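# Structural description and commentary
Here is how the chains run, residue by residue.
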Amino acid sequence: MKVALITEGTYPIVTGGVSTWCDQLLNGLPDYTFDVVALTGSGVSKAVWEVPPNVRAVRMIPVWGATASPLRPGPRRRKWIDTTQDALVELWDAALGPDGDDPVGRTSNALLQLVGISDRVGLAHSLAARGSVAPILNAWSRHSPAAGDTPMSVADAVMAAGIVDRALALIDHHLGEVDVIHASSNGPSSLVALAHSWRHGTPILLTEHGVYLRERYLALHGANLSWPVRRTVTAFLRRLCQVVHVHAHLVLPVNQFNARWERRLGALPSRIHTISNGVDPAKFPPVTSEPAVPTISFVGRIDPLKDLETLISAFALVRERVPAAQLRIFGPTPAENAAYKALLVALAQTLGVADAVHWEGPSKGSRPAIQAGHVVALSSVSEGLPFTLIESMMCGRATVNTDVGGVSECLDEQQSTGMLVAARDHVAFAEACVTLLCDHELRASMGAAARQRALTEFTLERCLTQYREAYAAAYARRPFEPVPSLTSRLAEAASPLAATSGLELSA
């Protein structure tokens, strides 16, 4: 079986997280042939993973790079530009309009028209000739007064169109001959999958690690963009995510938190099946030693979603009660996050803990970072089912975590396998860290319980078996019925209120 694995900003150009999951799939399913299609930023990214022999090709598509195909000249050139405008008018009216009148169906129809235009003349150059600016302005003027939105300037429309039209231009990129498409996130990577599926009838599998739409809401909330631009971009992304959820053959979230979002975004419950991340117990045997001084360790990329401001602020409070405490931060800093790291370094200086905060840089795997601390900390504002936590549990380390995404699904309700606090609450985070640093017996018992739970629920073998079955089901166009984990059964048995709480889907 030939599988196209589509990524965005992860494998094979960065390590950790989703990239680890990709590497597990590729190496763990050697009897499958994979094409890796990686969406990158500017096209200067280099692979940092060694791909296994069953990967037929690795193709990197720079979202902000050269376009895939030209608009072919000829007497009908203007006709196709006008046809593109007609599709964009429908797309933006559905995106910025109210939820009535089948906006998801109209968005699907508009995107399907754009795929047809791409196949005939090439979409990127048609968008460059006359893109989304006028359709955005027209849709905004029709719908914004009723919604109470502020007026949109031409500059706002140009900015929003520049962002979205680049994503739409990805429709021009064709995949090779494959039997199944597996998108590792919603958004642009799923748009590439959707276009290929409409062209060839190939089934799509979607795995969301963090909820793509939620993470875009978080990122754009903090972006230096006007409200009309943020509203326009998130409105498009919301409709795109809804279309993908409706058309995907299988939706395979890594946790029940994601599954609740996916149901609200239109995925049929019968097509949603949770497959938890897993790790190889042989690669993460129990840690048998602790550092000489009280130490908190973090491992992950330096990124705003990891909310290291909260971790450093909490650590400053920890030092007031455990003066010898140290914080060791392991992980790479992506080039686009250099300013964020500078902010963190300044924060540590301001709080008077810079001498005890150690920036260790990338680690060869997570185990050295896990060993480096008495406690492993995860302070994120968004997570899927984090490998850092599962690997720490498999190593038998006590952890302090924020209650986001599927983190609570990794732990037990009694928090005997790890501690859980509210996101962005640095006081509560500090209190949990102090409790564990000062109580050797609690750390030891929590670490032992965590490893036992990881061995029961989060093994790599279980994970790969379910993906193998999902590929076979998609290829045969039949339902997929995996054996649910204990975690999934407990989460699905939660009250109906819990299944819908906290899911605000407007921009």
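Scroll up to find the structure.
Below you will find a few notes about this structure. Computed from a prediction, not measured in an experiment: that's the story for all the values here. (Residues numbered from 1 in each chain as written. Predicted model: local features only at pLDDT ≥ 70, side-chain atom pairs only at ≥ 80, totals over all residues. Heavy atoms only, no water.)

### Digging into the packing of helix α2 (residues 77-96) against helix α9 (residues 227-247)
Relative to each other, α2 and α9 sit at 100 degrees, their axes nearing to 8 Å. Between α2 and α9, the angle is such that the two are roughly perpendicular. Here α2 contributes Leu91, Trp92, Ala94, Ala95 and Leu96 to the contact with α9, which in turn contributes Arg231, Thr232, Ala235, Phe236 and Arg239. A breakdown of the residues in the contact of α2 with α9 according to their chemical character gives 7 nonpolar, 1 polar and 2 charged. (Axes fitted to C-alpha atoms, helices over the stretch in contact; angles between N-to-C directions. Helix = DSSP H or I, 4+ residues; strand = E, 2+ residues; numbered from the N terminus. Parallel < 35°, antiparallel > 145°, perpendicular 65-115°, else oblique. Contact = heavy atoms within 4.5 Å. Nonpolar A, V, L, I, M, F, W, Y, C, P; charged D, E, K, R; others polar.)

### So, helix α6 (residues 154-168)
Compared with an ideal rise of 1.5 Å per residue, which puts 15 residues at 21 Å, α6 spans 20 Å between its outermost C-alpha atoms and is within 8% of the ideal. All buried positions along α6 are accounted for by Asp156, Ala157, Ala160, Ala161, Val164, Asp165, Ala167 and Leu168. (Expected span 1.5 Å × (residues − 1). Buried < 20%, exposed > 50% of the residue type's maximum accessible area, 1.4 Å probe, protein only.)

### Quick notes on the packing of helix α14 (residues 387-395) against helix α17 (residues 440-457)
Taken N-terminus to C-terminus, the directions of α14 and α17 make an angle of 115 degrees; their axes are 6 Å apart at the nearest point. With respect to α17, the element α14 is oriented roughly perpendicular. The handedness of the crossing between α14 and α17 is left-handed. Between α14, through Ile390, Met393 and Met394, and α17, the contact on the second element is made entirely by Gly447, Ala450, Arg451, Arg453, Ala454 and Leu455. Of the residues assigned to the contact of α14 with α17, the class counts are 6 nonpolar, 1 polar and 2 charged. (Left-handed = near helix turned anticlockwise from the far one by under 90°.)

### A few points about the state of the cysteines
Enumeration over the complete set of coordinates arrives at 0 disulfides. In this structure cysteine 22 is a free cysteine whose sulfur lies 11 Å from that of cysteine 463, the closest cysteine sulfur available. (Disulfide = S-S within 2.5 Å.)

### Considerations on the side chain of serine 144
Tracing the sequence through the fold places serine 144 in helix α5 (residues 133-147). A relative accessible area of 8% means that serine 144 is categorised as buried. Here tryptophan 140 takes part through its backbone oxygen, which lies 2.6 Å from a polar atom of the side chain of serine 144. Beyond its immediate chain neighbours, meaning those up to four positions away, serine 144 contacts Ala139 and Asp149. (Polar contact = N/O pair within 3.5 Å; in protein donor to acceptor, adjacent residues only side chain to side chain.)

### Some thoughts on the sheet that holds strand β3 (residues 55-62)
With respect to topology, 6 strands assemble into an open sheet ordered β3-β2-β1-β4-β5-β6, the strand pairing being parallel. In the strand order of this sheet, the two ends are held by β3 and β6 (250-251), each with one partner. Sheet topology places strand β5 (residues 204-206) next to β6; 2 bridges connect them, and they run parallel. Residue pairing for β6: leucine 206 is matched across the bridge by valine 251. (Pairing = 2+ DSSP bridges.)

### A closer look at the pattern of salt bridges
Applying the stated criterion across every chain yields a total of 15 salt bridges. Here aspartate 99 and arginine 238 are joined by a salt bridge, their closest N and O atoms 3.3 Å apart. Here the residue aspartate 99 occupies a position in the loop between α2 and α3 (103-121), and arginine 238 occupies one in helix α9, the gap between them amounting to 139 residues. Exposure remark for aspartate 99: the relative accessible area of 48% places this residue in the partly exposed category. Connected via shared salt-bridge partners are Asp93, Asp101, Arg106 and Arg142. (Salt bridge = Lys/Arg side-chain N within 4 Å of Asp/Glu carboxyl O.)

### What to know about unusual backbone geometry
Note that the residue after tyrosine 11, namely proline 12, is joined by a cis bond; omega there is 5 degrees. Inspection of the secondary structure puts proline 12 in the loop between β1 (2-8) and α1 (18-28). One non-glycine residue with positive phi stands out, namely arginine 424, at about 65 degrees.

### Re the pairing of strand β9 (residues 357-361)
Bridge count for strand β8 (residues 326-330) against β9 is 4 bridges, and the pairing is parallel. Following the sheet pairing, phenylalanine 330 is matched in β9 by glycine 361. Traced from β8 through helix α12 (residues 338-350) to β9, the parallel crossover comes out right-handed. (Right-handed = clockwise from strand over helix to strand, strands pointing away.)

### Some details on the packing of aromatic side chains
Under the definition given, this model contains 5 aromatic pairs. Ring geometry for tyrosine 11 against tryptophan 49: centres 5.6 Å apart, planes inclined by 40 degrees, an arrangement best described as tilted. With tyrosine 11 in the loop between β1 and α1 and tryptophan 49 in the loop between β2 (33-40) and β3, this residue pair connects regions lying 38 residues apart in the sequence. Members of the aromatic cluster, each reached through a chain of ring pairs, are Tyr32, Phe34 and Tyr471. Here the guanidinium or amino end of lysine 79 rests over the ring plane of tryptophan 80, the centre of that ring lying 3.8 Å away. (Phe/Tyr/Trp six-rings, centres within 6.5 Å; stacked < 30°, edge-to-face > 60°. Lys NZ or Arg CZ within 6 Å of the ring centre and 35° of its normal.)

By themselves these figures say nothing about function.
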